[in-house]
Amino acid sequence: MLKRNFFNCGILTIAILLLFFSGLTGCASKKASVKRKGEKLVQASSKSPPSWISRIPEEKDYYYFVGSSGDVKSFDDGKDEAIADALSQVVSTIGVRVTATSTYEEKYFAEQYVSEVSQKLKTEGAAKLQGAELKEIYYEKYQKRDGSTFYRVWILLKYSKAEIRKEQERLKAIMELKYGEVKKLEEEAERLYSNRDISGAIFMLIDACQASLKIEDGGVFFLRNMNRLQKIILNINLEKVGDGQLGYVGKSLPNPVGVKAIYSANGEKIPVYGLPIEIRYRVPREKLSGYKYLVFRIPTSKDGKAVVNIDEIYEVSDKNIITARVNIDGYLEKLKNVPEEYSDLLTSLKKVLKTKTVSISFRSDTEARKIKTGIFFIQYDVDSGLIAKPVTGPVIYEILYNKHFNIREYSINPVVAKGKTDYELFRILDRQSGEGIKRILIGEIKIINYDTISGFYTAKAEGRAVLYDRVSGGIIKRWSIVRSSTGSSREDARRNVLEEIGRSLGEVISNTAP
């Protein structure tokens, strides 16, 4: 047990902590789909996990909650567990936390809500009630090495914000009748802390801060519990998990990545269980330029770890960055209306939380370098006439060659390829390829328009590329870009845009070809 004297701080201690903190300068939990060693995915309700598991939908009049189960024997058990998980998040959003010291009204409200709503959500034909709607269910069935099977289930619950506000107002009325609630919450936080439940103590102290603002002259309680909260968070450190790996484009990273949360106190290092962690992985956008983030929000396990599998690597890089941070933003929403005289302390706490962030990096390469590939690009002018002199193809070839790709160019008359579909052109090139060529890269560049601006000529073009597998005849990957260039003449502008398309396509192909 941790020593309880951490919580036995009087007015003098508070004053000292306040001086220290003033000197500082600077929802829903989701379990991601993680396949462990020795497990085989044998069935799933869809080809790939739905996006809402890692990216919760947003809507003006509704909240969305993602509930998940553990490893259970049957789909029905998993569905029940996932619904209970989602409803616990709803109850938390409303503002109820059932603890050993909760009042009768709190327990009755939470227990009745979860019991009644979950029962109706589990019943077929009653998926929509009291502002709650069970929108989607996704499951995975796994087989272990010994032949036994188990399920994991996720559900997406839609809940009316108006209904939640109604319940929040009802709860508020109950809370205003309470006396001594702050003391009960403090005692519960102390009990959780002494039993090494660091996350539970954090959440309870936030509740104590919230409760203290609802009683007259509660400022001293608010300051005391904010100081305790900040001191605990200061002593939490995040250790990297899975840092420094090597992966390949189009494949998964060999090992999970994430963090291990450790609390240090009295010479001990304690794994922090149940701490909300947000993990963000930057990936290229599929249809637009630039990047987007895949976001995972998961609690730490009993060993203090919060990890996810990177199921696909998208590009070649010497330093892919994954960030992980402690994310208790949802809990701190309870303190969003803190009086101005206490706002500095809340700001100070948020600054400390920002330091609880680590970056995990891994290197990525592409195995496509080793696979012998033939390439052919055809160029069309704005009138769909052929541009006879190859420009784009040689530029792409040079880039791939300099990056050590095993490639060769096809020498065929563009007239033969004119007007052919990608697949028709693939079949023509396939017949001209030796046995050593395993892939064929086909591309088409089309001038979209010409213009003149301030005496300069401009040309705009679209470039497409398709990578085929010769054995299966299937498409491995597609690319498409649009570029513009200028020149002193129309011919200069055309040549420049064809070169620019070549450079851009060459770089993106070399970085993202699996």
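Residues numbered from 1 in each chain as written. Predicted model: local features only at pLDDT ≥ 70, side-chain atom pairs only at ≥ 80, totals over all residues. Heavy atoms only, no water.

Teacher, can you tell me more about the overall build of the protein chain here?
Along its length, the protein chain carries 13 helices and 19 strands. Carbon and sulfur atoms make up 48% of the accessible area of the protein chain, which amounts to about 26300 Å² in all. (Helix = DSSP H or I, 4+ residues; strand = E, 2+ residues; numbered from the N terminus. Areas by Shrake-Rupley, 256 points an atom, 1.4 Å probe, with all protein chains shown as cover.)

I tried to follow the pattern of salt bridges on my own but got confused; where do I start?
Side chains that differ in sign of charge can pair as their charged atoms come close. This structure, assessed with the given rule, holds 25 salt bridges. Between E59 and K158 there is a salt bridge; the shortest N-O distance is 3.9 Å. Of the two residues, E59 is situated in the loop between β1 (40-44) and β2 (62-68) and K158 in strand β5 (residues 149-160); the sequence distance between them amounts to 99 residues. What makes K158 buried here is its relative accessible area of 11%. In this structure, E507 and K403 form a salt bridge, with 2.7 Å as the shortest nitrogen-oxygen distance. Residue E507 is located in helix α13 (residues 490-512), and its partner K403 is located in the loop between α10 (392-402) and β16 (407-409); the two are separated by 104 residues in the primary sequence. A network of salt bridges, in which partner residues are shared, links E278, R280, R297, R325 and D329. (Salt bridge = Lys/Arg side-chain N within 4 Å of Asp/Glu carboxyl O. Buried < 20%, exposed > 50% of the residue type's maximum accessible area, 1.4 Å probe, protein only.)

Which parts of the structure should I look at to understand the packing of helix α5 (residues 181-194) against helix α6 (residues 198-212)?
When two helices pack together, their arrangement is captured by the angle between the axes and the distance separating the axes. As a packed pair, α5 and α6 sit with axes 8 Å apart at the nearest point and diverge in direction by 170°. When the axes of α5 and α6 are compared, the pair comes out roughly antiparallel. Crossing geometry of α5 relative to α6 is assigned as left-handed. Between α5 and α6, the residues in contact are V182, L185, E186, E188, A189, L192 and Y193 and I198, G200, A201, M204, L205, D207, A208, A211 and S212, respectively. (Axes fitted to C-alpha atoms, helices over the stretch in contact; angles between N-to-C directions. Parallel < 35°, antiparallel > 145°, perpendicular 65-115°, else oblique. Left-handed = near helix turned anticlockwise from the far one by under 90°. Contact = heavy atoms within 4.5 Å.)

Is there a simple way to think about the environment of F150 in this case?
With respect to the helices, strands and loops of the structure, F150 is situated in strand β5. On a C-alpha basis, the gap between F150 and F75 in space is 8.5 Å, while along the polypeptide they are 75 residues apart. Once residues lying within four places of it in the same chain are set aside, the contact partners of F150 are E39, D71, V72, E140, K141, Y142 and K144.

What's the story with helix α7 (residues 219-234) in this structure? I'm lost.
Residues lying three or four places apart along an α-helix face the same way, a consequence of the helix completing one turn every 3.6 residues. When the terminal C-alpha atoms of α7 are compared, their 22 Å separation across 16 residues agrees well with the 22 Å that a helix rising 1.5 Å per residue should span. With 12 of its 16 residues buried, α7 lies for the most part within the structure. (Expected span 1.5 Å × (residues − 1).)

Even after reading the chapter, I still don't get the sheet that holds strand β10 (residues 276-284), so can you show me in this structure?
Consider a sheet: its strands pair through backbone hydrogen bonds, and that pairing is either parallel or antiparallel. One open sheet accounts for five strands, arranged β7-β14-β13-β10-β11; its pairing is mixed. Across the chains shown, the open sheet's two edge strands, defined by having one partner strand only, are β7 (245-248) and β11 (291-299). Geometrically, the sheet is characterised by an average inter-axis angle of 30° between neighbouring strands, direction not taken into account. Examined bridge by bridge, strand β13 (residues 317-326) and strand β14 (residues 357-365) share seven bridges and lie antiparallel to one another. Residue pairing for β14: A324 is matched across the bridge by V358. (Pairing = 2+ DSSP bridges.)

What exactly am I supposed to notice about the packing of aromatic side chains here?
The geometry of an aromatic ring pair is captured by two quantities: the separation of the ring centres and the angle between the planes. Under the defined criterion, the tally for this structure stands at 14 aromatic pairs. Members of the aromatic cluster, each reached through a chain of ring pairs, are F75, Y139 and Y151. Lying across the ring of Y142, R152 places its NZ or CZ 4.5 Å from the centre. Cation over ring: R280 sits above Y293, and NZ or CZ is 4.6 Å from the ring centre. (Phe/Tyr/Trp six-rings, centres within 6.5 Å; stacked < 30°, edge-to-face > 60°. Lys NZ or Arg CZ within 6 Å of the ring centre and 35° of its normal.)

What is the right way to read the packing of α10 against α13 from this model?
At a closest axis distance of 8 Å, the pairing of α10 and α13 adopts a crossing angle of 35°. The handedness of the crossing between α10 and α13 comes out as right-handed. Here T392, V395, I396, I399 and L400 of α10 lie close against α13, whose contacting residues are L498, E499, I501, G502, R503, L505, G506, E507, I509 and S510. Of the residues assigned to the contact of α10 with α13, the class counts are eight nonpolar, four polar and three charged. (Nonpolar A, V, L, I, M, F, W, Y, C, P; charged D, E, K, R; others polar.)

Which parts of the structure should I look at to understand the side chain of S361?
Looking at where S361 falls in the secondary structure, it is placed in strand β14. Sequence-distant contacts of S361, that is, excluding residues within four places in its chain, are made with D243, G244, Q245, K319, N320 and I321.

Would you explain unusual backbone geometry in this entry?
Peptide bonds are trans in most cases, and residues, glycine excluded, mostly fall at negative phi. Despite not being glycine, H404 has its phi angle at roughly 70°, a positive value. Here H404 is to be found in the loop between α10 and β16.

Would you mind going over helix α12 (residues 422-431) with me for this structure?
Along α12, the residues that are buried comprise D422, L425, F426, I428, L429 and D430. On its buried side, α12 packs onto β15 (373-380), α11 (414-417), β17 (439-453), β18 (456-469) and β19 (475-487).

What exactly am I supposed to notice about empty space enclosed by the protein here?
Over the atoms, a rolling probe the size of a water molecule traces out where space has been left empty. Approximately 80 Å³ is the volume found for the largest cavity. Lining the largest cavity are A368, T373, I375, L400, F405, I407, R439, L441, L467, I509 and A513. Of all the elements in the fold, those that place two or more residues in the lining of the largest cavity are β15 and β17. Residue composition of the lining of the largest cavity, grouped by class: nine nonpolar, one polar and one charged. (1 Å grid on protein atoms, 1.4 Å probe; cavity = no way out; pocket = protein on both sides within 12 Å on 5 of 7 lines; lining within 4 Å. Points joined across faces, edges and corners; volume = space filled by probe spheres on them.)

Could you clarify how one ought to interpret the environment of P49 in this entry?
Relative to the assigned elements, P49 resides in the loop between β1 and β2. Sequence-wise, P49 and W154 are 105 residues apart; in three dimensions their C-alpha atoms are separated by 9.5 Å. Here P49 is in contact with Y138 and E140, once residues within four sequence places are set aside.

So yeah, pure geometry; function would need other evidence.
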